[in-house]
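Chain and residue survey
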Amino acid sequence: MAFPPLGPTRPHTTPLFQSAVYDVPDLDALDRVMNGEEPGFFYARDAHPNARNLASQLALLEKGTWGFVTASGMAAISASLLAYVSGGDRILASNRLYGRTNRLMKTELARFGVTASFVDCNDLISLEVALQTPTKALIVETISNPLLRVVDLPALIEVCHRHGAKVIVDNTFATPVLCRPLEMGADMVMESLTKIISGHGDVTLGLLAGNDAATGESLVQLISTWGFSANPFDCWMCERGLGSLPLRMNASTQNAKELAEWFDASGLVKQVHYPNRPSHPDFALAGRLFPNGAGHMLCIELGGGREAVNCFMRAVPEITFSPSLGDLHTTISHPDTTSHRYDSTEEKLAQGITPGLIRVSVGIEPQEHLRNLFEKGLRLAGSC
Ligand SMILES: *Cc1c(COP(=O)(O)O)cnc(C)c1O
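First, a word on what this report is: a plain description of the structure on this page. (Residues numbered from 1 in each chain as written. Predicted model: local features only at pLDDT ≥ 70, side-chain atom pairs only at ≥ 80, totals over all residues. Heavy atoms only, no water.)

For the rest of this paragraph, the subject is the environment of Asp-343. Along the chain, Asp-343 falls in the loop between strand 11 (331-333) and helix 13 (345-351). Using a relative accessible area of 24% as the deciding quantity, one classes Asp-343 as partly exposed. Along the primary structure Asp-343 and Arg-314 are separated by 29 residues, whereas in three dimensions their C-alpha atoms are 26 Å apart. Asp-343 has contacts with Lys-348 and Gln-351, leaving out every residue within four places of it along the chain. (Helix = DSSP H or I, 4+ residues; strand = E, 2+ residues; numbered from the N terminus. Buried < 20%, exposed > 50% of the residue type's maximum accessible area, 1.4 Å probe, protein only. Contact = heavy atoms within 4.5 Å.)

So, about the sheet that holds strand 5 (residues 166-170). Reading across the sheet, the seven strands line up as 1-7-6-5-4-2-3 and stay open at both edges, with mixed pairing between neighbours. Every other strand in the sheet has two partners, leaving strand 1 (66-70) and strand 3 (115-119) as the edge strands with one partner each. Taken pair by pair, the neighbouring strands of this sheet meet at an average axis angle of 20 degrees, ignoring direction. In terms of strand pairing, strand 2 (residues 90-94) meets strand 4 (residues 137-141) through three bridges, oriented parallel. What sits directly across from Leu-92, in strand 4, is Leu-138. With respect to the sheet, helix 2 (residues 49-62) is in contact with strand 1, strand 6 (188-192) and strand 7 (206-210), its orientation differing from that of strand 1 by roughly 130 degrees. (Pairing = 2+ DSSP bridges. Axes fitted to C-alpha atoms, helices over the stretch in contact; angles between N-to-C directions.)

Look at helix 2: 20 Å from first C-alpha to last across 14 residues, which is about the 20 Å you get at 1.5 Å a residue. Of all the residues in helix 2, the buried ones are Pro-49, Asn-50, Ala-51, Leu-54, Ala-55, Leu-58, Ala-59 and Glu-62. Packed against the buried residues of helix 2 are strand 1, helix 7 (175-178), strand 6, strand 7 and helix 9 (232-242). At the exit of helix 2 stands Lys-63, carrying a positive phi of roughly 65 degrees. (Expected span 1.5 Å × (residues − 1).)

One pass over the full model with this rule turns up one disulfide. There is a disulfide in this structure between Cys-311 and Cys-384, and the S-S distance comes to 2.1 Å. Between Cys-311 and Cys-384, the S-S dihedral sits near 100 degrees, and the bridge is therefore right-handed. Remark: Cys-384 occurs in the segment after helix 14 (367-382) and Cys-311 occurs in helix 12 (residues 305-315); sequence separation between them is 73 residues. According to the relative accessible area criterion, Cys-311 is buried, its value standing at 15%. Cys-384 sits in the exposed class, given a relative accessible area of 54%. We note that Cys-179 lacks a disulfide partner, and the nearest cysteine sulfur, in Cys-121, lies 14 Å from it. (Disulfide = S-S within 2.5 Å.)

Encoded structure:
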């Protein structure tokens, strides 16, 4: 294959290396690349320039010495657990995890003889008690889905390390713009890049980052062997979004904060869940952990239950229903019928997930436009 000569010039943007295989001129060159004496690539499932480029930029943001991009957020979580646990081990998991992560713990890991116990990570005493049984690792989300419970990461990490357990943090709702768990001592941080980090609703990717060199080396093999690798095109698309990540994160966080205040003042909703509102159980903690704001996610509860949610959706089709989050545009979802659909009614109510609860992923639209749309939807929902 021939390239047109570029002479002294270079592409201004990262080229897309949409190639599964890299050619080598001879066996000596192959040896040098395989032995790490010279840079180079061989087979894209092992490594390729677009994944490496994206991973190194994200590792910098997370304050990690290494980073790996995977085919999805779930691939990253699977890889993080495979790096730490083997058959017979026990892990601890927060009792407020993303639905698929829960399923991974309860259904998949159990098949390999790994026990998962669930613990309320907002209760350090329960955590201490749970850690009395030998534990390999704890997995927890910085800000939980859907009710935005914030955990005291520094305290939690201190307790886990004292008991010899690693800490894996799913930082998807906070992003490195608001919180860098590795700086607080976490062993691994995970992000679903599918959400606000890629930010345009058009890629599925995940990230793992950390500082421990041995873990980083084992992940190189693990990601290729289990086939968690990311494809070049999605990596290339995601890299494009990185430059605007702080701007998007700050704009949507400011929008969410102002909307939450407005919801509270409007009297149009039964309850607002946002960590920067004084009514939130983790208000003080969020203020301390997130000096740059509490993020772009919030929940509102409508007094009229499921039918009110239906009326709201029909009244403002401009606010689209989406199982994802972190898009440029504001979207809503309904945890009761989507992410927590298969949980029992009692379990849902214990977590505060009611039929009237709407989860909002706030975008970067002008605030007034958002208020107008929500006011229209909420007034109609209130009278239907
Ligand atoms: C979406 C999400 C995941 C899973 O990521 P995918 O990219 O969809 O595989 C994990 N954790 C959280 C908090 C998420 O929002």
